[in-house]
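# Chains, contacts and geometry: an overview
So the chains spell out like this:
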Amino acid sequence: MDDVEVCSKKSGGKSEENSPDQFDIQLLYDSLEKCCAESNALDMENYLVAFKELYRFFTLLGSVFGFVASDIISKVNILEEYKRSDVSEQYATVQSMIEYECCNGITTDSSRPSGSRTLLRLHRSLEFVMSFMSDFSTADCNAKSSSIAQKCYNDTLSKYHPWLIRKGATIAMYTLPARQQFIERVCGGPCDEATVEYYGKMMGDIANVSKKIYDETHKLYEANDLLNLP
């Protein structure tokens, strides 16, 4: 089987040949879509599945996005602990978590990171993700992914990072390849035109569904005065 066939199989989801750690762009999209499938709730389980895929996505790109990947997985682990606790039902949705923690003074308890504080950090990462994938999906095939990443980072995550991290991140992003090579790195090998087109379209779809989740989450945090949790 040649590289193009292997890559094409990967583009459709995890096959039997794929490692459990292989990034699955279809699973990412499906999880985000399921997260906001109910009009009045944001499902926490699917939210965390999506962020596990985003962790794989950033890990595949090496040390360039290491600072994002490590932050994502640490926050996912904290939220999974809450979901395994004796009050797990309160963490079924983003809405139920915020209501429960606000009513019980958990958001102001500094003894451990609250679920609301933890998810706020993922919420900020999601803004970067949807911005990057939106711009990437519409970029020219010869566009520099480094330029796209730097612009999106400066517009989103950078405002929450100290100068030293911002500087290091900006320098590291210079090593990102052009759009075609970027997709091949994510895909895991050489890609034909159809696979490149598939990934580009999927990134646009992910950006769109991410925006629904981001906007709804932002409204919830704003309504409960939680956007600036330390």
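Keep in mind it's a predicted model, so treat the numbers as computed, not measured.

What follows covers the UniProt feature "domain: Glycolipid transfer protein" (unreviewed entry) in the chain. Cross-referencing UniProt, the feature "domain: Glycolipid transfer protein" (unreviewed entry) maps to residues 43–187 in the present numbering. End C-alpha atoms of residues 43–187 are separated by 28 Å, and the span's content is 69% helix alongside 0% strand.

Another aspect to go through is the environment of Thr175. Looking at where Thr175 falls in the secondary structure, it is placed in the loop between helix H8 (163–172) and helix H9 (179–187). Considered as a pair, Thr175 and Val64 are 111 residues apart in the sequence and their alpha carbons are 7.5 Å apart.

Moving on to helix H4 (residues 66–84). The first and last C-alpha atoms of H4 sit 27 Å apart over 19 residues, in line with the 27 Å expected at 1.5 Å per residue. Turning to H4, its buried residues number three or more, namely Val68, Ala69, Ile72, Lys75, Val76, Leu79, Glu80 and Tyr82. For H4, the arc enclosing every buried residue in end-on projection is 150°, short of the 170-degree limit, so these residues lie on one face.

Within the structure shown, the criterion is met by 11 salt bridges. Here Lys159 ties to Glu127 by a salt bridge, and the two come within 4.0 Å at their closest N and O atoms. In this pair, Lys159 is assigned in the loop between helix H7 (145–155) and H8 and Glu127 in helix H6 (residues 115–138), connecting sequence segments 32 residues apart. The exposure class assigned to Glu127 is buried, which follows from its relative accessible area of 14%. As a salt-bridge pair, Lys151 and Asp135 come within 3.5 Å of each other at their nearest N and O atoms. Highlighted residues: Lys151 in helix H7 and Asp135 in helix H6, separated in sequence by 16 residues. Each of the salt bridges in this network shares a partner with another, and the network as a whole consists of Asp135, Lys151 and Asp155.

Here is what the cut-offs are and how they apply
Residues numbered from 1 in each chain as written. Predicted model: local features only at pLDDT ≥ 70, side-chain atom pairs only at ≥ 80, totals over all residues. Heavy atoms only, no water. UniProt positions renumbered as here; feature names shortened; annotations may be inferred. Helix = DSSP H or I, 4+ residues; strand = E, 2+ residues; numbered from the N terminus. Expected span 1.5 Å × (residues − 1). Buried < 20%, exposed > 50% of the residue type's maximum accessible area, 1.4 Å probe, protein only. Arc of directions from axis to C-beta. Salt bridge = Lys/Arg side-chain N within 4 Å of Asp/Glu carboxyl O.

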